[in-house]
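Results of the structural survey
Next come the chains, spelled out residue by residue.
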Amino acid sequence: MKTKDNIIEKDIEKLREEINFHNYRYYVLDSPIISDAEYDKLIRRLAELEAKYPKLITPDSPTQRVGAKPLEKFGTIKHTIPMLSIENAFAVEEAKKFDAGVRKGLGISHSVEYVAEPKIDGLAVELVYENGRFAIGSTRGDGYIGEDVTQNLKTIKSIPLCLISNPQSGIHNPQLKIPSRLEVRGEVFLSIRAFKHINRELADNGEALFANARNAAAGSLRQLDPKITASRPLDIFCYGVGRVEGVKFKTHWETLAALKAYGLKTNPLIKICNGSEEVMEYHKEIERQRDNLPYGVDGIVIKVNGLGLQEKLGMRTRNPKWALAYKFKAQEGTTRIKEIIADVGRTGALTPVAVMEPVEIGDITGSVTITRATLHNQDEIDRKDVRVGDTVVVARAGDVIPEVVMVIQEKRTGKEKTYTIHEECPSCHSKVEKIGAIHYCTGGLSCPAQVKETIKHFASKRAMDIEGLGDKHIEQFVDDGLIKDVADLYYLKKENLLKLARWAEKSAENLIDAIGKSKHPTLPRLIYALGIRQVGEHTAHVLAEEFGTLEAILPLYPPHGGGQGEDAYKERLLSVHDIGPETAESIYDFFQEMHNIKVIEKLKKAGVVFPQMKKAVGKLTGKTFIFTGTLSSFTRDEAKKLVEKQGATIAPSISKKIDYVVVGAEPGSKCDEAKRLRLKILTEEEFRRMLGL
Ligand code: IVH
């Protein structure tokens, strides 16, 4: 029996080692060599064995990361060596002064060897390993006494539960002994992505948001229920040690290399810098990379490399003389929203913008005063519950437009006012429509904010195809007040152009000629050229085929011809295959806007010929079809095109008006409904015969 138990124990141990290794590949090196499914399989196998032999469960088993019971409150841990803070510097001079102080303290005139590291924006923790096993983990606390967050730290997958001594890791160092005691220090953090995700979830549940990734990391680690911590993808970078027993290091660099060799995660951007010049370069380099890093970095930390030198320099009261935090400019600030306005972009999208009391926010180029920040869209305003008068956190990163991150709820006075985006475009007073999360101005043909883009689209190759009319010309004409809408193009005269810069007799003549030639578009091109939102080339074709003339699309509804009203009009559009509700809405809104109709009339007056498109006529003219199930010899689209070619139309939904229901394999509920309505049902074979195929 004993031997059987021994065999199982060995199996379990091997399995754990294997899991730890793959865990390390995935979470520390970010370079897995097996699939998630294979990894899960290993974990399951271990869990099964442990369930069968509970006596063999050890606290450092990979199955023991989650599962600890919620605590009433955290216990406390006294750090064997205090976790001190470091002196801060914000300017080059201060960093140079630090270097001068170090050299003076060491009595040397040559340059000092430093280790420079990104200063990770998270919270400091200490991990205690006893004989290679993770035993206790704590927060920094006041530097002397921290909170016991062992169970929560165990849920962080990049923290090894036992230090690696596995030659397979590729960094196995046979000379490097596992210390009998190792106190590791590092920064626990959340990636920017994870932080945003958590805030989105909190907002969805109506809970208070975290102001930044650091608070989110601290909040996540200091949960009494380890299950909540486990659900937050916390990570760690280890950057130093406390007490170490059983091994000795000579430099900080060597210490970091050993931590890495033990399977702990260290930051890949850490570098040795010789003297202050190289440190300055490093600071610049990390600040440049800052916005592209997946985690927050608020500066660099410089440490004298030699541990003997560190000792020689010694301490001030609260921080060591051998380290400096050389910070970047803050990218966040707090201010009050005075007003919210809507900005109309060149595509007609309305962006709500907060107009704020001036606030200084820094970036790599220095500090800038900001008075406006984007609120993105109405859904975001509602999600963050931003109101006029609110005190908010604004952030700026690199070239990105500053944004309102969150409201500081505690500063609410009750006098704040909610904001709802305008129903009218602030630029041209056309109606505003919502597509997805974005509000758009529907006055595409006449809106001054959009005019350049509208004309560029109108003149483009696949639309009216006005040869020789480049984007630069359009910008010049609009900027010089020569044209205000697309129709104005057809009123341009050679003399007008000759008055402008860079136009000569010949070039002006050529352009006027080309504009004249564009007066005879095909109907699909004309429809496409109008730039109706959601109406691309394909939909323009479909509309042209269906309605035959532009006028036929226009007068179906008031104010043109007092036709069928909004619902009937949209229903008519929806009965056309390939036109969905959003497109129907968009077409309706576009033609409903009088500003657009005026421009269309102006185009006609200018001599643009509105062509006719002949509708296909065939033996199925006037008949209505609907399809259900899968056809074997053609796709649904091919079948639809075939019947349309013969003059038939496709119905959007089942009704008594339908002439033929074509039923393929595995038909849906439409088939039952068709039977109930006693409609004529065709099998694929009958359908083929009808088409003469
Ligand atoms: S070394 C005595 N290295 O910054 C040296 N700290 O104000 C102790 N931090 O409490 C710290 N990244 O939370 C060090 N690479 C890094 C760091 C780092 C972030 C934090 C840590 C510490 C604070 C120092």
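Above: the structure in question.
Residues numbered from 1 in each chain as written. Predicted model: local features only at pLDDT ≥ 70, side-chain atom pairs only at ≥ 80, totals over all residues. Heavy atoms only, no water.

Some points on the sheet that holds strand 11 (residues 323–327)
In any sheet, the strands associate via hydrogen bonds between backbone groups, in a parallel or an antiparallel arrangement. Strand order in the open sheet made by the five strands is 2-11-10-3-9, with mixed pairing throughout. At either margin of the open sheet sits one strand with a lone partner, and together these are strand 2 (87–89) and strand 9 (271–274). Neighbouring strand axes in the sheet, compared pairwise and without regard to direction, differ in orientation by 35° on average. Relative to strand 9, strand 3 (residues 113–120) runs antiparallel, the two being bridged by four bridges. Each bridged residue has a counterpart across the sheet, and for Glu 113 the counterpart in strand 9 is Asn 274. With respect to the sheet, helix 3 (residues 92–106) is in contact with strand 2, strand 3, strand 10 (297–304) and strand 11, its orientation differing from that of strand 11 by roughly 170°. Relative to the sheet, helix 8 (residues 252–261) contacts strand 3, strand 9 and strand 10, its axis offset from that of strand 3 by approximately 50°. (Pairing = 2+ DSSP bridges. Helix = DSSP H or I, 4+ residues; strand = E, 2+ residues; numbered from the N terminus. Axes fitted to C-alpha atoms, helices over the stretch in contact; angles between N-to-C directions. Contact = heavy atoms within 4.5 Å.)

Describing the pattern of salt bridges
Under the criterion given, the structure shown has 38 salt bridges. Across the pair Lys 119 and Asp 298 runs a salt bridge whose closest N-O atoms are separated by 3.8 Å. Taken together, the residues span a long stretch of sequence, with Lys 119 in strand 3 and Asp 298 in strand 10 at a distance of 179 residues. When sorted by exposure, Lys 119 lands in the same class as Asp 298, which is buried. Linked through salt bridges whose partners overlap, the residues forming this network are Asp 385, Arg 387, Asp 390 and Arg 412. (Salt bridge = Lys/Arg side-chain N within 4 Å of Asp/Glu carboxyl O. Buried < 20%, exposed > 50% of the residue type's maximum accessible area, 1.4 Å probe, protein only.)

A word on the site of the ligand
Lining the immediate environment of the ligand, one finds 14 residues, of which Ile 86, Glu 117, Ile 120, Glu 187 and Lys 303 sit closest. Measuring from a nitrogen atom of the ligand, one finds a side-chain N or O atom of Glu 117 at 2.7 Å. At 3.0 Å, a side-chain N or O of Lys 303 approaches a nitrogen atom of the ligand. Against a free-state accessible area of 520 Å², the protein chains account for coverage of 86% of the ligand. Secondary structure elements with two or more residues in the shell around the ligand: strand 3 and strand 10. Broken down by element, the shell around the ligand gets its largest block of residues, four residues, from strand 3. Looking at the shell around the ligand residue by residue, the class counts come to nine nonpolar, no polar and five charged. (Near = heavy atom within 4 Å. Polar contact = N/O pair within 3.5 Å; in protein donor to acceptor, adjacent residues only side chain to side chain. Areas by Shrake-Rupley, 256 points an atom, 1.4 Å probe, with all protein chains shown as cover. Nonpolar A, V, L, I, M, F, W, Y, C, P; charged D, E, K, R; others polar.)

Focus on the packing of aromatic side chains
On inspection of all chains with the given rule, the structure shows 15 aromatic pairs. Residues Phe 625 and Tyr 660 carry aromatic rings whose centres are separated by 5.1 Å and whose planes lie at 40° to one another, so their mutual orientation is tilted. Of this pair, Phe 625 sits in strand 19 (residues 624–628) while Tyr 660 sits in strand 21 (residues 660–663); the two residues are 35 residues apart in sequence, bridging distant segments of the chain. Each of the two residues, Phe 625 as well as Tyr 660, counts as buried. Among the aromatic residues, those joined into a ring-pair cluster are Phe 625, Phe 627, Phe 634, Tyr 660 and Phe 687. Its end group placed over the ring of Tyr 588, Lys 570 keeps NZ or CZ at 4.8 Å from the ring centre. (Phe/Tyr/Trp six-rings, centres within 6.5 Å; stacked < 30°, edge-to-face > 60°. Lys NZ or Arg CZ within 6 Å of the ring centre and 35° of its normal.)

Structural notes on the pairing of strand 3
Working note: regular strand, side chains alternate between the two faces of the sheet. Among the eight residues of strand 3, seven are classified as buried, and the element is accordingly described as predominantly covered. With seven bridges joining them, strand 3 and strand 10 adopt antiparallel strand pairing. From the neighbouring strand, Glu 117 faces strand 10, where its bridge partner is Val 301.

Concerning helix 5 (residues 192–204)
Spanning 13 residues, helix 5 covers 18 Å between terminal C-alpha atoms, matching the ideal 18 Å at 1.5 Å per step. Of the positions making up helix 5, those classed as buried are Ala 194, Phe 195, Ile 198, Asn 199, Leu 202 and Ala 203. In this fold, the buried residues of helix 5 make contact with helix 6 (213–221) and helix 11 (378–384). At the exit of helix 5 stands Gly 206, carrying a positive phi of roughly 70°. (Expected span 1.5 Å × (residues − 1).)

Observations regarding the nonpolar core
Of all hydrophobic cores here, the largest spans 57 residues; its most connected members are Leu 489, Tyr 490, Leu 550 and Phe 591. Beyond its immediate chain neighbours, meaning those up to four positions away, Leu 489 contacts Ile 455, Phe 458, Ile 466, Leu 469, Ile 483 and Ile 515. Phe 74, Val 188, Phe 195 and Cys 238 belong to the second largest nonpolar core, which has 37 residues in total. (Core = buried A, V, L, I, M, F, W, Y, C linked by side-chain atoms within 4.5 Å.)

Description of unusual backbone geometry
You will see that Asp 30, though not glycine, has its phi angle at about 60°, which is positive. Among the structural elements, Asp 30 can be located in the loop between helix 1 (2–28) and helix 2 (36–52). Accessibility expressed as a relative area gives 64% for Asp 30, which makes it exposed. A positive phi angle, close to 65°, is found at Arg 502, a residue other than glycine.

Section: the side chain of Asp 488
Residue position: Asp 488 is located in the loop between helix 13 (471–479) and helix 14 (494–498). Judged by its relative accessible area of 14%, Asp 488 is buried. Within the structure, Asp 488 has its side chain in polar contact with the backbone nitrogen of Lys 484 (distance 2.7 Å). In this view, Asp 488 contacts Ile 483 and Lys 602; residues no more than four positions away in its chain are not counted.

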